Amino acid sequence: MTGRTKRTKVDLYATILEVIRRYPEGGRITRISYGVGVPVDRLKVMVEALSANGLVRKIAAEDEEGDEAGVYYYGVTNRGLEFLEIYWKMKGFLAAFGD
Amino acid sequence: MPDVYVEKGSTTRLDNVDGELRVGRGAKIAAKGKAVTVAKGAYFEGNAEIDCDFECDSLTVEKGKLIVSGNLTVHKGLDVAHTVDVGGTISAHDIDVGGKMFARSVSCVDSVRVGGIVEVKERLEAVSVEVGGKVDVSGAVKLTDLSVGGKADVGGGVIKGHTSVGGVFSSTGPLEFGELQVYGRCALPAGSKGKKLSTFGKLSVEGNLACEQVDVGGLTTVRGDLSSSEVLVNGKLDVSGSLSTKGMLEVNGSCEVGGELMGADLRVGGRFKARKALLSNQADIAGEVDTVKGLKGKSIVIRTGTRCKGPLVGERVELGKSGLVLANWGTRWAGQSVMMRGIGRMTDAEDIYGADVVLGSNGRCRRIFAERVELSDGCAVDKVTYTQELRRSTGRQFLTHPAEKVAVLPPFPL
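It should be emphasised that the depicted structure is a prediction, and the values quoted were computed from it without experimental measurement.

Asks: Can you break down the pairing of strand 12 (residues 72-80) of chain B residue by residue, with the values?
Replies: Summarising the sheet, strand 9 (residues 53-56) of chain B and strand 12 of chain B pair through three bridges and their orientation is parallel. The residue bridging E55 of chain B from the neighbouring strand is T73 of chain B, located in strand 12 of chain B.

Quick look at the structure:
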């Protein structure tokens, strides 16, 4: 998270997914922002990209009358979990090669 | 004192609050006595500081950072949207932190969920800990499950259940674990023990390791002895001491043991090297085996195309007889790969000692000392010494010296 080396875009996507998966009922953008350590405006763009590729599920919160409350929660899809698994495996192989 | 509201930016001294406590942004709370106790929930609207021990039923920090200089006790849930920094111990039923959590020690009845980072200077006790990014515990941990998105450093302790680490895991003190799964790098100290260990990358152990099941996908170095029930090596395993297994050691990659291997079964599809190997059951070799003092087993099967250094000792030793039928692992990738490599190659060995020795075609060895010997077409032997029977096929065998029948065989090594 606070590593000395600059995180690549893929590292950031993986961190976002790792943080989101901690919230099984869906995490709000501010919480994800604190967890990832990225400002909300920049995070929104990345979460939208993940959502567009089917790695993140966007859930609209409803108010008491059942209408959209304008608040969104984010959850990880199976494809997102698959991405994470492959990401960490690749990281492992690269670590074994000394990268 | 019923419900209490602490104004934004103010500093207030409190004692016991019978109802709820609501605290405005930037407020500071100190105790009239030793601690502040809130009977119901405590709500913090933003950044806040508590300069004493604090106890409440539930705690919510809607935004910002909560700093507690003393101990923080929450009977139900601790919910911090951003950051919590506690100088003492956090005791709670369950903890949910949006971003970061810092504490001297943490004791949680149920689960700890942290979006980003956890740093604990002393002990961490919980049923499950889930961290999005990084966890750093200087002292010992006592957990059932640990799941870390990126990096975890602990000072030893016990993790009874499942530990899953996305990237890097290290323990500075001896760790007792249930199932440890590391996708990247893992470093354990001497004296660690566990039930199951699987790594896809690099594992280094700075001394002895005891683990019931070891599954190595990448590089693994044990600077001591390794004892296990089952070991599967698909990558590279280096053990500087001895390796003991109750069941199977399967090497599809490379395994080097500085001392001796003691176990029941050995299956090599890659490369195996040890000072000596003592097996109570079978060795099934289809690759390269190098033992300085020798390899001893009840039954030794050396598949076609295999190269063996060091003497082989067994009740029944079969060399280069069965190359294309790779026992029960011919359907697997490693077995098929070995089969392809073995086709058309000579099978090399040094001295062979046994009750029954069978040399297949294209099998080549130095000396054979056995009760019964069977030689197939095309095999080559320096010398055969036997006590009961020598069976030779109708074709040609290449013997440098004539076979010798003796009353008593010389003592076997190992």
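Having seen the structure, we can now continue with the description.
Asks: Outline helix 2 (residues 29-36) of chain A, supporting the account with residue identities and numerical values.
Replies: Residue and element names in this part refer to chain A. Of all eight residues making up helix 2, six are buried, and the element is well covered by its neighbours. Of the positions making up helix 2, those classed as buried are R31, I32, S33, Y34, G35 and V36. Count one or two residues on from helix 2 and you reach G37, which has phi positive near 80°.

Asks: Tell me about the nonpolar core, residues and numbers included.
Replies: Counting 136 residues, the largest nonpolar core has I16, L17 and I20 of chain A together with I352 and I368 of chain B as its most contacted members. Residues within four places of I20 of chain A in sequence aside, it is in contact with G27, I32, V56, Y74, G75 and V76 of chain A.

Asks: Explain helix 3 (residues 40-52) of chain A residue by residue, including any values.
Replies: Each α-helix winds once per 3.6 residues, and so residues spaced three or four apart point in a common direction. All names here are of chain A. Relative to the 18 Å expected for 13 residues at 1.5 Å per residue, helix 3 spans 18 Å between its end C-alpha atoms, a close match to the ideal helical length. Buried within helix 3 are the following residues: L43, V47 and L50. The buried side chains of helix 3 occupy one side of the element, clustering within an arc of 55° when seen end-on. When the buried face of helix 3 is taken as reference, the exposed residues oriented beyond 90 degrees from it are D41, R42, V45, E48 and A52.

Asks: Provide a residue-level description of the domain arrangement of chain B, including the pertinent values.
Replies: Here chain B is described as being made up of domain 1 (1-109), domain 2 (125-220) and domain 3 (282-414). Computed over C-alpha atoms only, the centres of domain 1 of chain B and domain 2 of chain B are separated by 32 Å.

Asks: Can you lay out the interface of chain B and chain A for me, pointing to particular residues and giving the numbers?
Replies: Between chain B and chain A, the contact holds 24 residues from the first and 19 residues from the second. Class assignment of the residues belonging to the side of chain B that touches chain A gives a composition of five nonpolar, 14 polar and five charged.

Asks: Can you lay out the pairing of strand 34 (residues 254-263) of chain B for me, pointing to particular residues and giving the numbers?
Replies: In the case of a regular strand, side chains alternate between the two sheet surfaces. Residue and element names in this part refer to chain B. With four bridges connecting them, strand 31 (residues 236-239) and strand 34 associate as parallel partners. Looking at the pairing, D238 lines up with E256 of strand 34. Looking at chain direction, strand 32 (residues 243-245) and strand 34 are connected through two bridges and run parallel. Opposite S244, over in strand 34, you have M262 as the bridge partner. Inspection of the sheet shows strand 34 paired to strand 36 (residues 271-279) by eight bridges, in the parallel sense. Bridge assignment links E260 to a residue of strand 36, and that residue is K276.

Rules of the game
- Residue indices follow the written sequence of each chain, beginning from 1 at its first position.
- Lettering for chains starts from A, numbering for ligands starts from 1, and both go in the order in which the items are written.
- With pLDDT at 70 or above as the cut-off, local features in this predicted model cover only qualifying residues; side-chain atom pairs require 80 or more to be listed or tallied, and sums for whole chains, interfaces and linings still use all residues.
- When DSSP finds at least two bridges between two strands, those strands are taken to pair.
- Each helix is a run of DSSP H or I of at least 4 residues and each strand a run of E of at least 2, with the numbering of both proceeding from the N terminus.
- Any residue with 12 or fewer other C-beta atoms within 10 Å of its own C-beta is exposed, any with 20 or more is buried, and the rest are partly exposed; the C-beta atoms used are placed from the backbone.
- Nonpolar cores are built from buried Ala, Val, Leu, Ile, Met, Phe, Trp, Tyr and Cys residues. These are joined into a set through C-beta atoms within 7 Å.
- By the criterion used throughout, residues are in contact when their C-beta atoms, derived from the backbone, lie within 7 Å.
- Every helix has an expected span of 1.5 Å times one less than the residues it contains.
- Relevant arc is that of directions from the helix axis to the C-beta atoms, nothing else.
- Where each domain begins and ends is defined by an automated method or by a domain database.
- Note on residue categories: nonpolar means Ala, Val, Leu, Ile, Met, Phe, Trp, Tyr, Cys or Pro, charged means Asp, Glu, Lys or Arg, and polar means any other residue, Gly included.

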